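A look at the structure
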Amino acid sequence: MSLNSNIPSGPLSDKWTEHKFNLKLVNPANKRKFTIIVVGTGLAGASAAASLAELGYNVLNFCFQDTPRRAHSIAAQGGINAAKNYPNDGDSVHRLFYDTIKGGDFRAREANVHRLAEVSNNIIDQCVAQGVPFAREYGGLLDNRSFGGAQVSRTFYARGQTGQQLLLGAYSALMKEVGKGSVKLFPRREMMELVLVDGVARGIIIRNLVTGQLESYAGDAVILATGGYSNAYFLSTNAMGCNVTAAWRAHKKGAFFANPCYTQIHPTCIPVHGDYQSKLTLMSESLRNDGRVWVPKQKGDKRSPASIPEADRDYYLERKYPSFGNLVPRDLASRNAKTVCDEGRGVGSTGLAVYLDFADSIKRLGHKVIQERYGNLFEMYERITGSDPFKEPMMIYPALHYTMGGLWVDYNLMSTIPGLHVLGEANFSDHGANRLGASALMQGLADGYFVIPYTVGHYLASQPIPKIDTSHPAFKAAELETSTRISQLLSIKGKRTVDDFHRELGMLLWDKCGMGRTEEGLQEALVKIPQIREEFWQNVTVTGSEGELNQTLERAGRVADFLEFAEVLVTDALHRKESCGGHFREESQTPEGEALRQDDTFCYVGAWEFKGVGQAPVLHKEPLTFEAVSLSQRSYK
């Protein structure tokens, strides 16, 4: 299969406008004849379901949480980007586009990124109209703050709760359509299988997480908005339920997986504090606006931070990157934190932490201003660590956060399976090798509110879609496949817990395929992963039964998929011998120790085709071309 990105012709700034005009439309009276399945109720899923229902489609919307309000989008803290240029500091659609392309280390599609920048302003207008309580200046205008990778202030925010407030806005739009009957909402359901009829996505199999029963649903198109896969690493900032299962099921049915090794390691997380920790907590990147990152200059300096004078402190980001300072992109901040800790200058009991210090900002701006900007974040940090950031510096360290890789999609957000569209973090399309902060919320809402309503209509109007229902043999076969897999998990009766296997896999991925990667380490991981997977299917213990609420069974299914997916993730990392974004191949670095891209060899999207569990996937390449920007080694100095 060849990859056709379906990027429109013409000037970059006109592509989306012309494309919208050329897309086929569905007559308003005919929209009610189509049923669209949307899996996921985060920002991408909820906005898509609400928008499509508002247009007149029948929408079936699924989530594994007990309410759409618990989608992981709620955890986003710092803000959402848009090119409004309210501070009058030089921002524009083109600058947002350029910063995003550069921040992703030139490994994203120009056309997709420019479209994202174009619709960013519409997102803010939409959310304000919904009543999202963005921070405002004294005069009442929307406020902006800075984020990493940009020299302008373009990030709209609601203290440290931006994701929650945006999700409530999308949720209100969704529930309005639920009330009208145009959306049927199915909480506590987990997608277990994608159903294809004649090679086209026509439905899903889900497990009712309360009753344990399998249920089938048919539609005319399927949309996945199921988030990312960083929980493959066990310890991440994601909610513990976040998983790769829906995307992996689609991959096994023919949807190519693009750039799976592109994972974001966020520099501002509370460090690991014990062997039995189950997840990590994010501290918003917005804190780097007013917090200064530093470590002692001398190796092994164990004095308290208050006892270390300015002369003995190394504000290493300000020293190395004077133009951006503490607001360098996440990949640079993360890699530099690892470097100083590897040198023995890390702080805290483990030596795997750096300071994020607000003393200067509190002295300059006052306690009240810092409290207004970051109060809930400071409170959260104190509750977790017992340390008050108003009195002593936070300690932070990088952790797995977002995933830039995902199912491959074309410009219309359709995967290599006809009828299967993929939105938000579940696709690969907009962030390249590194996502700039405050861009995840932007992409999720752009895809759901302003892209998919056009492109899914084009798909439905472009070919005949035969009417089917769940009595079709394809649904029965998919149900049997799902039931057999569940029965197999319950029959093993081994001696190791699901979490024990998950932790072993995660630590292996972190060590061999985390911030630093080597040919030798990745080869070791590819040997070890099948061994862990084989033992899992022989020695895991899954208590309870199928026909009941069974969270151990839920976790077992997700970890089983991580154990298959991890092999593709590491294979992708092994084949990409360059350093780009946060993916530091130690064999490919500049004399100054910075990431060294190899554009002549790796300037493409790597999309992998499934060939069987344990079998080598097949690589397909989508070349990346750049017309509006020039390929260059990134510099933030």
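If you're wondering where the values come from, they're calculated on a predicted model, not measured in any experiment.

1. Let's talk about the environment of A218
As for its position among the elements, A218 is in strand β8 (residues 214-218). Between the alpha carbons of A218 and V244 there is a distance of 22 Å; along the sequence they are 26 residues apart. Apart from residues lying up to four places away in sequence, A218 is in contact with T35, I37, L60, R202, G203, I468, D469, T470 and F475.

2. Considering the pairing of strand β6 (residues 189-197)
Most of β6 is tucked away: eight of the nine residues are buried. As judged from the eight bridges shared by β6 and strand β7 (residues 200-208), these two strands associate in the antiparallel manner. Looking across to β7, one finds that L194 is bridged to I204. Here β6 folds back onto β7 in antiparallel fashion, the turn holding two residues, of which D198 has a positive phi close to 55 degrees.

3. Focus on the packing of helix α14 (residues 498-513) against helix α15 (residues 519-539)
Contact geometry for α14 and α15: axes closest at 10 Å, N-to-C directions at 175 degrees. Here α14 is positioned roughly antiparallel relative to α15, judged by the angle of their axes. Seen from α14, the contacting residues are F501, E504, L505, L508, L509, K512 and C513; seen from α15, they are G521, L522, E524, A525, K528, I529, I532, E535, F536 and N539. Looking at side-chain class alone, the contact of α14 with α15 contains ten nonpolar, two polar and five charged residues.

4. Brief notes about the sheet that holds strand β16 (residues 406-407)
Strand order in the open sheet formed by four strands is β16-β10-β20-β21, and the pairing between neighbours is antiparallel. Two strands in the sheet have a free side with no partner beyond their single neighbour: β16 and β21 (618-623). As paired strands, strand β10 (residues 257-258) and β16 are joined by two bridges and run antiparallel to one another. Within β16, the residue paired with A258 across the bridge is G406.

5. Description of the domain arrangement of the chain
With domains assigned, the chain is organised as domain 1 (267-400) and domain 2 (473-623). Put simply, the middle of domain 1 and the middle of domain 2, counted by C-alpha atoms, are 31 Å apart. Taken together, the twelve residues of domain 1 in the interface contact ten residues of domain 2. Counting each side, the surface lost to burial between domain 1 and domain 2 is near 810 Å², with a carbon and sulfur contribution of 59%. Of all residues in domain 1, D331, R335 and K338 give up the largest surface area on contact with domain 2, accounting jointly for 52% of the area buried on that side. At the boundary of domain 1 and domain 2, one finds one salt bridge.

6. Quick word on the packing of aromatic side chains
The full count for this structure, using the stated rule, is 24 aromatic pairs. When the centroid spacing of 5.9 Å and the interplanar angle of 75 degrees are considered together, the rings of W248 and F565 count as edge-to-face. Pair noted here: W248 is in helix α7 (residues 245-252) and F565 is in helix α16 (residues 551-575), with a separation of 317 residues, a long-range link. One exposure class covers both W248 and F565, and it is buried.

7. Looking at the nonpolar core
Within the largest apolar cluster, 174 residues are counted, with the highest numbers of intra-cluster contacts made by I80, I204 and L420. A domain split of this core shows at least three residues from each of domain 1 (267-400) and domain 2 (473-623). Those residues within four positions of I204 in sequence are excluded, and the remaining contacts are I37, V39, F62, M191, E193, L194, V195, E215, S216, Y217, V222 and F475.

8. Looking at the pattern of salt bridges
Applying the stated rule across the entire model yields 52 salt bridges. The residue K180 makes a salt bridge to E177 at a minimum N-O spacing of 3.4 Å. Taken together, the positions of K180 and E177, both in helix α6 (residues 162-180) and three residues apart, correspond to about one turn of that helix. Take K180: its relative accessible area is 54%, and that puts it in the exposed class. Its relative accessible area of 1% is what places E177 among the buried residues. Across the pair R558 and E190 runs a salt bridge, and its minimum N-O distance is 2.8 Å. In this pair, R558 is assigned in helix α16 and E190 in strand β6, connecting sequence segments 368 residues apart. Each member of the pair R558 and E190 is classed as buried. Overlapping salt bridges bring together D105, R107, D331, R576, E578, R597, D599 and R634 as one network.

Conventions used here
- Residues numbered from 1 in each chain as written.
- Predicted model: local features only at pLDDT ≥ 70, side-chain atom pairs only at ≥ 80, totals over all residues.
- Heavy atoms only, no water.
- Helix = DSSP H or I, 4+ residues; strand = E, 2+ residues; numbered from the N terminus.
- Contact = heavy atoms within 4.5 Å.
- Buried < 20%, exposed > 50% of the residue type's maximum accessible area, 1.4 Å probe, protein only.
- Pairing = 2+ DSSP bridges.
- Axes fitted to C-alpha atoms, helices over the stretch in contact; angles between N-to-C directions.
- Parallel < 35°, antiparallel > 145°, perpendicular 65-115°, else oblique.
- Nonpolar A, V, L, I, M, F, W, Y, C, P; charged D, E, K, R; others polar.
- Domains from an automatic or database assignment.
- Buried area = accessible area lost by both parts, 1.4 Å probe.
- Salt bridge = Lys/Arg side-chain N within 4 Å of Asp/Glu carboxyl O.
- Phe/Tyr/Trp six-rings, centres within 6.5 Å; stacked < 30°, edge-to-face > 60°.
- Core = buried A, V, L, I, M, F, W, Y, C linked by side-chain atoms within 4.5 Å.

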